[in-house]
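Coordinate inspection notes
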Amino acid sequence: MLTRRAFTGNLLKLSAMTAFPSELLSATDAINAAELQLAGRSPIEIPADFTGLGYEMLSVATPGLLSAANHRYVELIRGLGARGVVRVGGIVANYTRYAPNGIAANEPKNTVITRANLEQLSEFLQAIGWTAMWSVNFAQGTIDEAVEEARAVSEVLGSRLLALEIGNEVDTYGKAQPFRTSPYTYEQYRKEFGAWRTAIARAVPAIRFAAPDTAQNVDWVEQMAQDAKGEVQLLTTHYYRNAQRRGSAEQLLSPDPRLGDIVKRMHAASQQSGIPWRMCEINSFSGGGRPGVSDTFVGALWTLNTMLLLAENGCSGVNMETGVNQLGFVSSYSPIQDDGNGVNSAGAPYYGMLAFATASSGCNQMLPVDQRVLGAGVSVYAFGSAGRARSIVVVNMASTDTTVSVAHLGMRRATVLRMNAPAPESKSGIAFGGAAVDAAGRWKAEHRETLRHASLVVPQMSAAVVRAAGD
């Protein structure tokens, strides 16, 4: 476990620096700052709908939750960007059926979606301006049921339907909860997928498909990319840092070699096939997150850094899992929390998503930064347009402060927004730009610093977003 000393080393200094760090910047700090420069690689295009949230299917069957009338929830999502993607699926999709005129049910292993539920979701999507990915029950359903459901979803959501998924974590179907005879191979899956896709596409000609939606198996994604032949418009997989019981703060504060391998291979598969890829389900620890870790400021830093890392590696979008999970309770890792009485609020990870949204606003590219000048635990990312840096994000998950200079990035005149908290393990008191998300689900910065000497100090266990003047 991460010790309190490692968590809060020199807390007095941290508290002082996070208040108004730029005012404490000395000429010596500016001279010793790490000089940030672009890495010389081509810019990475960032789709306008990069940001996303993921929901178990039961959320759609919950009255009043994903509803245009849930004004607080609408505001929370609007705060993450004018465009984005809601992904509806998860393990509960394996236990869901569509009954257009039936009685809605939102039980983890008995969810029923009605036409009225779809209409509520459609109004919600219109209110937030986002699109949706929808999963049909490939685990226990039939082709005819999937065709009926896909036709209804397409009719009701219309242009708000981004893509249809056939199944959830299909690479696990022959394992712990066997929906297929083990071993269940890619070849068997591909044959089934082809039959389902053909039937659905015949009934709904304009529909788009996202696949294969694996839990961990990148091999299946690579094979799908090779033989898709125009049948798939989006490659998808999932990622969790670890399982809940094996999770720790240290894991969120250090790079994961497995994620590095995943993004490298997914990017290569996407480049070779010409099909974009999306991390359509992702968060810290599977099983609802690790209480005391996922729901703290550490979780916020991890969320921000992970979204930035994926964007810089050519991912077309992420769907951070939120809300009630397949076990029936609100996950510790949820960006949007629920008190059980219909009152929603910003969880700790929400602030990481909020910082990403602020940094990427008005930009359509990521400009890779040379990280070699930085110490361990410090990462820097640059957003821009037309090859010009307009926004810089510094994430410092180290146990010491860091000082960086953005002079070589052409940002001598800029403002700074800080993301910080009383301590790394804090569940409350988290702020971005000196402000918290209010009770109505809205956020507005209360403290913007003016960058001095083109350099800034970023205290340990905090992050900073630097925006060029005028942006």
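Residues numbered from 1 in each chain as written. Predicted model: local features only at pLDDT ≥ 70, side-chain atom pairs only at ≥ 80, totals over all residues. Heavy atoms only, no water.

1. Considering the state of the cysteines
Evaluation of the coordinates by the stated rule reveals zero disulfides. The thiol of Cys280 is not disulfide-bonded; the next cysteine sulfur, from Cys315, is found 9.7 Å away. Considering cysteine sulfurs only, Cys315 is the nearest to Cys363, which forms no disulfide, with 18 Å between them. (Disulfide = S-S within 2.5 Å.)

2. Quick word on the sheet that holds strand 3 (residues 51-56)
If you walk around this closed barrel you meet the eight strands as 3-4-8-9-10-11-12-13, and the pairing is parallel. The sheet shows a mean angle of 25° between the axes of neighbouring strands, taken without regard to direction. Bridging between strand 9 (residues 161-166) and strand 10 (residues 209-214) involves two bridges; their strand directions are parallel. In the strand pairing of strand 10, Glu165 is matched with Ala210. The strands that helix 7 (residues 186-203) touches are strand 8 (131-136), strand 9 and strand 10; relative to strand 10, the one it contacts most, it runs at about 155°. (Pairing = 2+ DSSP bridges. Helix = DSSP H or I, 4+ residues; strand = E, 2+ residues; numbered from the N terminus. Axes fitted to C-alpha atoms, helices over the stretch in contact; angles between N-to-C directions. Contact = heavy atoms within 4.5 Å.)

3. Some remarks on the pattern of salt bridges
One pass over the full model with this rule turns up 17 salt bridges. In this structure, Asp213 engages Arg87 in a salt bridge whose closest nitrogen and oxygen atoms are separated by 3.2 Å. Note that Asp213 is positioned in strand 10 and Arg87 in strand 4 (residues 85-89), a separation of 126 residues in sequence. With relative accessibility at 0%, the residue Asp213 sits in the buried group. Classification of Arg87 as buried rests on a relative accessible area of 0%. Where salt bridges share partners, they join Arg87, Glu165, Asp213 and Glu281 into one cluster. (Salt bridge = Lys/Arg side-chain N within 4 Å of Asp/Glu carboxyl O. Buried < 20%, exposed > 50% of the residue type's maximum accessible area, 1.4 Å probe, protein only.)

4. Quick notes on the sheet that holds strand 23 (residues 455-458)
With mixed pairing, the three strands of this open sheet are ordered in space as 1-19-23. Of all strands in the sheet, those with a lone pairing partner are strand 1 (34-35) and strand 23, marking the two edges. Where strand 1 meets strand 19 (residues 402-405), two bridges bridge the pair, whose relative direction is parallel. Residue pairing in the sheet places Ala34 in a bridge with Val404 of strand 19.

5. What to know about the packing of helix 6 (residues 143-157) against helix 7
Packed helix pairs are characterised by how far apart their axes lie and by the angle those axes make with each other. Running from N to C, helix 6 and helix 7 cross one another at 40°; their axes reach a closest spacing of 9 Å. Comparing the axis directions of helix 6 and helix 7 gives the class oblique. The handedness of the crossing between helix 6 and helix 7 comes out as right-handed. Two secondary-structure elements touch here, helix 6 through Ile143, Ala146, Val147, Ala150 and Arg151 and helix 7 through Ala195, Trp196, Ala199, Ile200 and Ala203. Partitioning the contact of helix 6 with helix 7 into residue classes produces nine nonpolar, no polar and one charged. (Parallel < 35°, antiparallel > 145°, perpendicular 65-115°, else oblique. Left-handed = near helix turned anticlockwise from the far one by under 90°. Nonpolar A, V, L, I, M, F, W, Y, C, P; charged D, E, K, R; others polar.)

6. Quick word on unusual backbone geometry
A cis amide bond links Ser182 with the next residue in sequence, Pro183, at an omega value of 0°. Among the structural elements, Pro183 can be located in the loop between strand 9 and helix 7. Cis geometry is adopted by the peptide bond preceding Pro212, which originates at Ala211 and carries an omega value of 0°. Position of Pro212 among the secondary structure elements: in strand 10. Phi angles above zero are rare outside glycine, and Lys229 is one such case at about 50°. Mapped onto the secondary structure, Lys229 falls in the loop between helix 8 (218-227) and strand 11 (234-243).

7. Focus on the pairing of strand 17 (residues 378-385)
In terms of burial, strand 17 is a largely internal element, eight of the eight residues being buried. Taking every second residue as pointing to the same face, both faces of strand 17 are buried, with Val378, Val380, Ala382 and Gly384 on one and Ser379, Tyr381, Phe383 and Ser385 on the other. Direction of pairing for strand 16 (residues 365-366) relative to strand 17: antiparallel, over a ladder of two bridges. Within the sheet, the bridge partner assigned to Met366 lies in strand 17 and is Phe383. Taken together, the eight bridges between strand 17 and strand 18 (residues 388-396) define a ladder with antiparallel strand orientation. Within strand 18, the position partnered with Phe383 by the bridge is Ser391. Following strand 17, the chain reverses through two residues before pairing antiparallel with strand 18; Ala386 in that reversal takes a positive phi of roughly 55°.

8. Examining the nonpolar core
Counting 122 residues, the largest nonpolar core has Trp134, Tyr189, Met279, Leu310 and Met419 as the members making the most contacts within it. Among the elements that make up this core, the one with the highest residue count is helix 11 (residues 297-312) (10 residues). When residues no more than four places from it in sequence are discounted, the contact partners of Met279 are Thr237, His238, Tyr239, Leu259, Ile262, Leu310, Cys315, Gly317, Val318 and Asn319. Counting 24 residues, the second largest nonpolar core, distinct from the first, contains Leu374, Ala382, Val394 and Val416. (Core = buried A, V, L, I, M, F, W, Y, C linked by side-chain atoms within 4.5 Å.)

9. Describing the packing of aromatic side chains
This structure, assessed with the given rule, holds 18 aromatic pairs. Ring geometry for Tyr55 and Tyr73: centres 6.4 Å apart, planes at 40°, overall tilted. Remark: Tyr73 occurs in helix 4 (residues 71-78) and Tyr55 occurs in strand 3; sequence separation between them is 18 residues. When sorted by exposure, Tyr55 lands in the same class as Tyr73, which is buried. Taken together, Tyr95, Phe138, Tyr173, Phe179, Tyr184, Tyr186, Tyr189, Phe193, Trp196 and Trp220 form an aromatic cluster joined through their ring pairs. Lying over the aromatic face of Phe138, Arg180 brings its terminal NZ or CZ to 5.0 Å of the ring centre. (Phe/Tyr/Trp six-rings, centres within 6.5 Å; stacked < 30°, edge-to-face > 60°. Lys NZ or Arg CZ within 6 Å of the ring centre and 35° of its normal.)

10. Remarks on the side chain of Ser294
The residue Ser294 is located in the loop between strand 12 (277-286) and helix 11 in this model. Once residues lying within four places of it in the same chain are set aside, the contact partners of Ser294 are Ser284, Phe285, Gly289, Gly299, Ser332, Tyr333 and Pro349.

11. Looking at the environment of His267
Tracing the backbone through its elements, the reader meets His267 in helix 10 (residues 257-273). Since its relative accessible area comes to 27%, His267 is described here as partly exposed. Residues His267 and Asn217, spaced 50 residues apart in sequence, show a C-alpha to C-alpha distance of 15 Å. Discounting chain neighbours no more than four positions away, the residues touching His267 are Trp277, Asn313 and Gly314.

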